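What the coordinates show
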Amino acid sequence: MDDTQKPKEALLAEVLALREALRRNNAELEQFAYVASHDLKAPLRGIANLSHWLEEDLGPRLGEESRRQLELLRGRVHRMEAMLDGLLDYSRAGRATHAPEPVDVGALIHTVMARLPEGDTARLEVGPGMPTLLTEHLPLQQVFMNLLSNALKHARGEHPLRVRVEAKAAQDFHHFSVADNGPGIAPAYHEKIFAPFQTLVARDKVEGSGMGLCVVKKLVEGRGGRVWVESSGGATFHFTWPRHEVERS
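The text that follows walks through the structure, step by step, so that each part is easy to find. The written sequence of each chain sets the order in which its residues are numbered from 1. Local features in this predicted model are restricted to residues of pLDDT 70 or higher, and side-chain atom pairs are both shown and tallied only at a pLDDT of 80 or more, whereas totals for entire chains, interfaces and linings draw on every residue. To obtain the side-chain values, all non-hydrogen atoms of the structure were used and water was disregarded.

**Examining the overall build of the chain**
Threshold: Helix numbers and strand numbers start at the N terminus; a helix is a DSSP run of H or I with at least 4 residues, a strand a run of E with at least 2. Relative accessible area decides the class of each residue, using a 1.4 Å probe on protein chains only: under 20% of the type maximum gives buried, over 50% gives exposed, and in between gives partly exposed. Contacts between residues were defined by any pair of non-hydrogen atoms, one from each residue, lying within 4.5 Å. Computed with the Shrake-Rupley method and a 1.4 Å probe, the accessible areas treat only the protein chains shown as cover for residues.
Tallying secondary structure elements over the chain gives 5 helices and 7 strands in all. Counting from the amino terminus, the chain carries its helices and strands in the arrangement α-α-β-α-β-β-α-β-β-α-β-β. Evaluated residue by residue, the chain yields a buried proportion of 37% over its 249 residues. Long-range contacts, defined here as pairs at least 24 residues apart, represent 73% of the contacts in the chain between residues at least 6 apart. Of the accessible surface of the chain, which amounts to about 14900 Å², a share of 55% is contributed by carbon and sulfur atoms.

**Re the sheet that holds strand 7 (residues 235-242)**
Put simply, the rule reads: Between any two strands, pairing holds if DSSP finds at least two bridges. A fitted line through C-alpha atoms serves as each axis, taken over the contacting stretch for helices, and the angle formed by two N-to-C directions is quoted from 0 to 180°.
Taking strand neighbours across the sheet as the criterion, the 5 strands line up as 2-4-5-7-6 in an open arrangement whose pairing is mixed. The two strands at the open ends of the sheet, each matched to only one other strand, are strand 2 (123-126) and strand 6 (227-231). Averaged over neighbouring strand pairs, the angle between their axes works out to 15° when direction is ignored. Docked against the sheet, helix 3 (residues 105-115) engages strand 2, strand 4 (162-169) and strand 5 (173-180), running at close to 170° with respect to strand 2. The sheet strands contacting helix 5 (residues 212-221) are strand 6 and strand 7, and the helix crosses strand 7 at an angle near 30°.

**Things to note about a nonpolar patch on the surface**
Selection criterion: Only residues whose relative accessible area exceeds 30% and that form no salt bridge are eligible for patches; like-charged ones are grouped when within 9 Å, while nonpolar side chains (Val, Leu, Ile, Met, Phe, Trp, Tyr) are grouped when within 5 Å. When a carboxyl oxygen of Asp or Glu lies within 4 Å of a side-chain nitrogen of Lys or Arg, that pair is called a salt bridge.
A cluster of nonpolar side chains, namely L50, W53, L54 and L58, defines an oily patch on the protein surface of about 380 Å² accessible area. Locating L50 in the fold gives a position in helix 1 (residues 8-58).

**Let's talk about the pairing of strand 6**
Where strand 6 and strand 7 come together, 5 bridges link them in antiparallel fashion. Pairing of V227 across the sheet is with F239, part of strand 7. Hairpin connection from strand 6 to strand 7: 3 residues lie between these consecutive antiparallel strands, with G233 at a positive phi of about 70°.

**What about the side chain of H238?**
Defined as follows: Polar contact is the term for a pair of N or O atoms within 3.5 Å; when the atoms are in protein, one must be able to donate a hydrogen and the other to accept it, and sequence-neighboring residues count only if both atoms are side-chain atoms.
Assignment of secondary structure puts H238 in strand 7. What makes H238 buried here is its relative accessible area of 9%. Of note is the side chain of H238, whose polar atom sits 3.1 Å from the side chain of E230. Aside from chain neighbours lying at most four places away, what touches H238 is H175, F176, S177, R226, V227, W228 and E230.

**Examining the nonpolar core**
Rule in force here: The definition of a nonpolar core used throughout is a set of buried Ala, Val, Leu, Ile, Met, Phe, Trp, Tyr and Cys residues joined through side-chain atoms within 4.5 Å.
If you look at the biggest cluster of nonpolar residues, it comprises 38 residues, and the most contacted ones within it are L140, F144, L148, F176, F237 and F239. The element best represented in this core is helix 4 (residues 137-154), accounting for 7 residues. Beyond its immediate stretch of four places on either side in the chain, L140 contacts V103, V105, L108, L133, T135, F239 and W241.

**What about the packing of aromatic side chains?**
Rule in force here: Here the aromatic set is Phe, Tyr and Trp, taking the six-membered ring for Trp, and pairing holds for ring centres within 6.5 Å; pairs whose planes are under 30 degrees apart are stacked, those over 60 apart are edge-to-face, and all others are tilted. Two conditions define a charge sitting above a ring: the NZ of Lys or the CZ of Arg must be within 6 Å of the ring centre, and it must be within 35 degrees of the ring normal.
Per the stated rule, a full pass over the model turns up 5 aromatic pairs. Seen in terms of ring centroids, F144 and F176 are 5.6 Å apart; in terms of plane orientation they differ by 85°. Their pairing is edge-to-face. In this pair, F144 sits in helix 4 while F176 sits in strand 5, placing the two residues 32 residues apart along the sequence. Just as F144 is buried, F176 falls in that class too. An angle of 90° between the planes, with centres 6.4 Å apart, marks the rings of F239 and W241 as edge-to-face. Each member of the pair, F239 together with W241, is buried. Put simply, the rings of F144, F176, F239 and W241 touch in pairs and so form one group of aromatic residues. In this structure, R226 is placed above the aromatic ring of W228, and the distance from its NZ or CZ to the ring centre is 3.8 Å.

Here's what the structure looks like:
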């Protein structure tokens with residue numbers, strides 16, 4: 001007997017069993033990512049502490065080159081910690097659901113920019129027509145946090161640094177864009193940058209986990225939207241987000 005001949009009760013039982021199996025697998029995956037991240041950080045912290053102790057014990061006997069190598073080692077430790085954090089963020093993206101709430105997107109963008117370490121070095125331009133959405137606050141905040149942080153890191157050195165955020169309404173989604181006046185991205189890398197642990201600039205020059213855009217892609221696509229990049233005289237990241245606007249009285 002094929003699936004079309006099965007009683008509805010049997011088909012429903014199979015769907016429920018598959019849903020439960022998927023739930024368990026997702027929970028196990030998240031637990032694995034959490035444990036791996038935290039357990040791997042313990043020896044990393046030990047390595048960083050040991051390098052500090054060596055530097056203190058050797059004192060003036062430690063040459064400049066050896067001191068530089070220890071600093072380089074600590075930098076690699078911090079990078080690995082950031083990559084583990086990125087892996088954990090990616091495993092959580094799209095899994096947790098949050099109750100929708102009114103979100104003033106314009107205010108959210110200014111708040112996110114103010115929280116970024118180099119947010120005060122850029123001229124932020126927020127275009128007109130920013131909506132107030134009834135949506136999940138934290139995921140949308142994470143998307144803007146990662147895109148604005150990416151713009152600040154990769155447009156570094158441009159004077160003056162400028163970031164412009166715009167929005168326009170589509171049929172079922174809002175279309176947002178985050179543009180910078182940095183060096184831009186070659187077309188060959190437009191897809192690659194959304195893969196895990198991918199960076200276009202050597203991490204010795206621009207620190208990053210390589211997971212920020214990957215998390216953006218997962219968050220956006222998990223809500224039925226899409227994300228892409230265009231580059232001409234800078235980079236412009238576009239994404240769409242479900243259009244559930246708060247009615248204004």
